[in-house]
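Structure at a glance
Chain by chain, the residues run as shown.
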Amino acid sequence: MRLFKDTLAQKTMLVLTFIPGLIVLLMLVGLFLKARPILADKPFFSLLFSSAWSPLKGNFGLFPFIMGTLWVTFVALIMAVPVSLLTAIYLSEYAPRFIREFTKPVIDLLAGLPSVLYGVWGVLLIVPFVSRILAPLFGAQSSGYSILAGGLVLAIMIFPTIIAVCLEVFSSIPYEMRETSLSLGATKWETVRYVVLKKGLQGIIAAVVLGLSRAFGETMAVLMVVGNIPRVPKSVFSGGYPLPALIANNYGEMMSIPLYDSALMLAAATLLVVVLSFNILARFILIRVERKAE
Amino acid sequence: MTLPLTERRFIRRKIEENAFKVLMAASIFIVIGCLLLIVGTIIWKGLPALSLSMITQTPKGGYYLGREGGILNAIMGSLYLASGATILSIIFSLPVVLYINLYTKKNSRLAQWTRFSFDVLWGIPSIVFGAFGFIVMIFLGLRASLLAGIVTVALLELPIMSRAMDEVIRMVPRELLDASYSLGATRLETALKVVVRQCLPGILTAVLIAFGRGIGDAASVLFTAGFTDRLPTSLFQPAATLPLAIFFQLGTPFPEVQERAYASAAVLTAMILLISLLARGLIKKSTKHIVK
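It is worth spelling out the overall build of chain B at this point. Looking only at helices and strands, one finds 12 helices and 0 strands in chain B. Going from the N terminus to the C terminus, chain B shows its helices and strands as α-α-α-α-α-α-α-α-α-α-α-α. Seen along its three principal axes, the alpha-carbon backbone of chain B occupies a region of about 80 × 75 × 35 Å. Taken across its 292 residues, chain B has 49% of its residues classed as buried. Pairs at least 24 residues apart make up 75% of the contacts formed inside chain B by residues separated by at least 6 positions.

What follows is the structure, encoded as structure tokens:
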């Protein structure tokens, strides 16, 4: 009887184990099935690279939104990568124990804050900051609801991802390697630069890619500060309209206009494909790094 | 006076070392400062607008024009939704994690693939979960409801919870399992009576982390849970959620209502802080009584 229970549990658990993989597949298939009506209407590439967005006339060019997403992500990465990389180096190589212990909850909390709160904070602080201080500084006019504001908020949101993955990568580098470098007379920074960064390069790339894909799909926080103007952005001070924001903003009316829902699902599917491929790439790199360390 | 070449080079290396130290200190300062700034700003803006009636009443007529009422509907909705999703998520993640750690060989291919797919699932943006949940909902002929929201958020929580549990259960010492097996326990008995007990605080932490994520997520419930001013009384009614309440209130053109958005944000912040404090306390506890 007990053995039977054990076997039964084993079978059930085995079935359940296939669920996560299955969900990913289902999502892909489901979104693409829903996107099919619009793909039947217009070729895929003309949808991706057309700037005409007027759902009422049946024009669904996703190009401005794709550019919006790219701009925001790019701005966020430029700001987030140096800061989080230096933080990770400090935490893994320099920091005394108590600072490390103190910083861990901070990073966890930063990762755990809901994106709406980032959005509220962005509206309260970053948007006025951009419109009153940063834009005049560069001689530009801006309402503050801009690519730059979105990028700034996003940068903070992806700190934890990049820092955590980098820390993991650095800790997989054997300690003896650092000792060798130090004993040859290298300074601590030189050891970091020529040993830790060099050995960890692949892992760092993976960390950045993971941060990038997180930024790519972030919705609410960006939606609240980016301005939502369906045009290809001209500078970081103009408003943009990233893909996730497009989906979130229009769910209400999408059922009432023909092909609209299909276009939005195509947007979601595009998002999914991009994020999936980035993620898979990064995870493969990380698995390889881990294996080497063992 | 010129110093010898080696001397100068030494000074340059020293300067480089110190310059990067300063940069690193600045970076970590930025990271910590950002968190303090975010939490500080929201509490500072939100507290003055917060009142008892805000968290004990549902919105009355004209609430979004600045009239009376509160956000009890959203607070309760979020709690119902996140609790339901968390329970559903435990049902699916705990067996999987136990399976890949106890039933398969260490680092088997299946375990690796499962971890991999959890990681990939983790990376999927919540808006895509929302869109997917929406499709499934339409396919099943459901309307935006608490149930649809729960299912979608459960999907979102699944990878977070599983990976956190996996980290703890992986750490269970081999000897403990062997001891259990040698007493004649089956793997199921070992899993439920030894491993789960041993890791209980860690598992609860994983649950809390996922719960916090579920409470805070807006993009996935936007499509699926709907929004209402009433308290949900059944699974098939739409439910309001706190993040969406914040979003909608902030979106109105009236300053009084926007003030309330800040107050609601302060409530959400307090909830998240509380949850993460609890989780942290549990981590401390979990490392205390564990057989090492």
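As a further point, take the overall build of chain A. Within chain A one finds 12 helices and 2 strands. The linear arrangement of helices and strands in chain A, starting from the amino end, is α-α-α-β-β-α-α-α-α-α-α-α-α-α. With the C-alpha coordinates aligned to their principal axes, the bounding extent of chain A is approximately 75 × 70 × 30 Å. Buried positions account for 49% of the 294 residues belonging to chain A.

A few words now on the domain arrangement of chain B. Residues and elements named next belong to chain B. Partitioning chain B into structural domains gives domain 1 (5–49) and domain 2 (56–286). Computed from C-alpha coordinates alone, the two centres of domain 1 and domain 2 are separated by 34 Å. Each partner contributes to the interface: domain 1 provides 7 residues, whereas domain 2 provides 7 residues. When the residues that make up the side of domain 1 that touches domain 2 are grouped by side-chain class, the tally is 5 nonpolar, 1 polar and 1 charged.

This part is about the interface of chain B and chain A. The interface is formed by 68 residues belonging to chain B together with 69 residues belonging to chain A. Per-element tally for the side of chain B that touches chain A: the top contributor is helix α1 (residues 5–46) of chain B, with 17 residues. In the side of chain B that touches chain A, the residues fall into 48 nonpolar, 11 polar and 9 charged.

This next bit is on helix α6 (residues 146–170) of chain B. All names here are of chain B. Look at α6: 34 Å from first C-alpha to last across 25 residues, which is about the 36 Å you get at 1.5 Å a residue. When the local axis directions of α6 are compared, the greatest deviation, roughly 35°, occurs at E157, which is followed within four positions by the proline P159. Across the 25 residues of α6, 22 count as buried, placing the element largely inside the fold.

Residues and elements named next belong to chain A. Where helix α7 (residues 147–171) meets helix α9 (residues 188–217), the closest approach of the two axes is 8 Å, and the angle between their N-to-C directions is 150°. Where α7 crosses over α9, the handedness of that crossing is right-handed. Between α7 and α9, the contacting residues are L154, I158, T161, I162, V165, C166, V169 and F170 on the first element and V196, G200, G203, I204, A206, A207, V208, L210, G211, R214 and A215 on the second.

With that settled, consider the nonpolar core. Membership of the largest hydrophobic core comes to 188 residues, with the highest contact counts inside it found for A:V120, A:V153, A:C166, A:A267, A:A268 and B:A131. If one sorts the elements of this core by residue count, α7(A) sits on top with 18 residues. Shared between two domains, this core holds at least three residues of each, these being domain 1 (5–49) and domain 2 (56–286) of chain B. Ignoring anything within four residues of it in the chain, the contact list for A:V120 reads B:I42, B:I246, B:L250, B:A261, B:Y262 and B:A265.

Next up on the list: the environment of B:T190. Residue and element names in this part refer to chain B. In this structure, T190 sits in helix α8 (residues 187–198). In sequence terms T190 and M54 are 136 residues apart; their C-alpha atoms lie 48 Å from each other. Those residues in contact with T190 that lie beyond four places of it in its chain are L102, L177, S180, Y181, A185 and V195.

All names here are of chain B. Topologically, D229 is positioned in the loop between α10 (219–224) and α11 (242–251). For the pair formed by D229 and A240, sequence separation is 11 residues and the distance between their alpha carbons is 7.0 Å. Excluding residues within four positions of it along the chain, D229 makes contact with T58, P59 and N73.

The next thing to look at is the confidence of the model for chain B. Put simply, chain B has an average pLDDT of 84, and 94% of its residues get 70 or more. Under the prediction, the complex receives an ipTM of 0.87, its pTM being 0.88.

Okay, helix α11 (residues 243–250) of chain A next. Most of α11(A) is tucked away, with 6 of its 8 residues classed as buried. Turning to α11(A), its buried residues are A:L243, A:P244, A:A245, A:L246, A:I247 and A:A248.

Taken N-terminus to C-terminus, the directions of helix α2 (residues 19–41) of chain A and helix α4 (residues 109–123) of chain B make an angle of 45°; their axes are 8 Å apart at the nearest point. Relative to α4(B), the element α2(A) lies oblique. When the axes of α2(A) and α4(B) are compared, the crossing they make is left-handed. Together, A:P20, A:G21, A:I23 and A:V24 of α2(A) and B:W113, B:T114, B:S117, B:F118, B:V120 and B:L121 of α4(B) make up the contact between the two elements. Of the residues in the contact of α2(A) with α4(B), the class split is 7 nonpolar, 3 polar and no charged.

Right, let's get into the environment of B:G251. All names here are of chain B. Secondary-structure assignment places G251 in helix α11. Its 12 C-beta neighbours within 10 Å are what place G251 among the exposed residues. With 10 residues separating them along the chain, G251 and A261 place their C-alpha atoms 9.0 Å apart.

What counts as what
Every chain begins its residue count from 1, and numbering advances along the sequence as written. Numbering of ligands from 1 and lettering of chains from A proceed in the order in which they are written. Given that the model is predicted, a residue must reach a pLDDT of at least 70 before its local features are reported, and side-chain atom pairs must reach 80 or more before they are shown or counted; all residues, however, enter totals for whole chains, interfaces and linings. Comment: elements are numbered from the N terminus, with helices defined as DSSP H or I runs of at least four residues and strands as E runs of at least two. Exposed residues have 12 or fewer other C-beta atoms within 10 Å of their own C-beta, buried residues have 20 or more, and partly exposed residues fall in between, where C-beta atoms are placed from the backbone. A pair of residues counts as a contact when their C-beta atoms, built from backbone coordinates, are within 7 Å of each other. For the purposes of this description, domain bounds are those given by an automatic or database domain assignment. Ten residue types, Ala, Val, Leu, Ile, Met, Phe, Trp, Tyr, Cys and Pro, are classed as nonpolar, four, Asp, Glu, Lys and Arg, as charged, and the remainder, Gly among them, as polar. Multiplying 1.5 Å by the helix residue count minus one yields the expected span of that helix. Bend angle per residue: angle between axes fitted to the 7 residues ending at that residue and the 7 residues starting there. Helix axes are fitted only over the stretch in contact, all axes being lines through C-alpha atoms; the angle between N-to-C directions runs from 0 to 180 degrees. Handedness of each helix crossing follows the sense of rotation of the near helix against the far helix: counterclockwise by less than a right angle gives left-handed, clockwise gives right-handed. Throughout this description, the term nonpolar core refers to a group of buried Ala, Val, Leu, Ile, Met, Phe, Trp, Tyr and Cys residues whose C-beta atoms join them within 7 Å. Per-residue confidence from the prediction method is given by pLDDT, with values spanning 0 to 100. Any angle that falls under 35 degrees is termed roughly parallel, while one over 145 is termed roughly antiparallel, one within 65 to 115 roughly perpendicular, and all others oblique.

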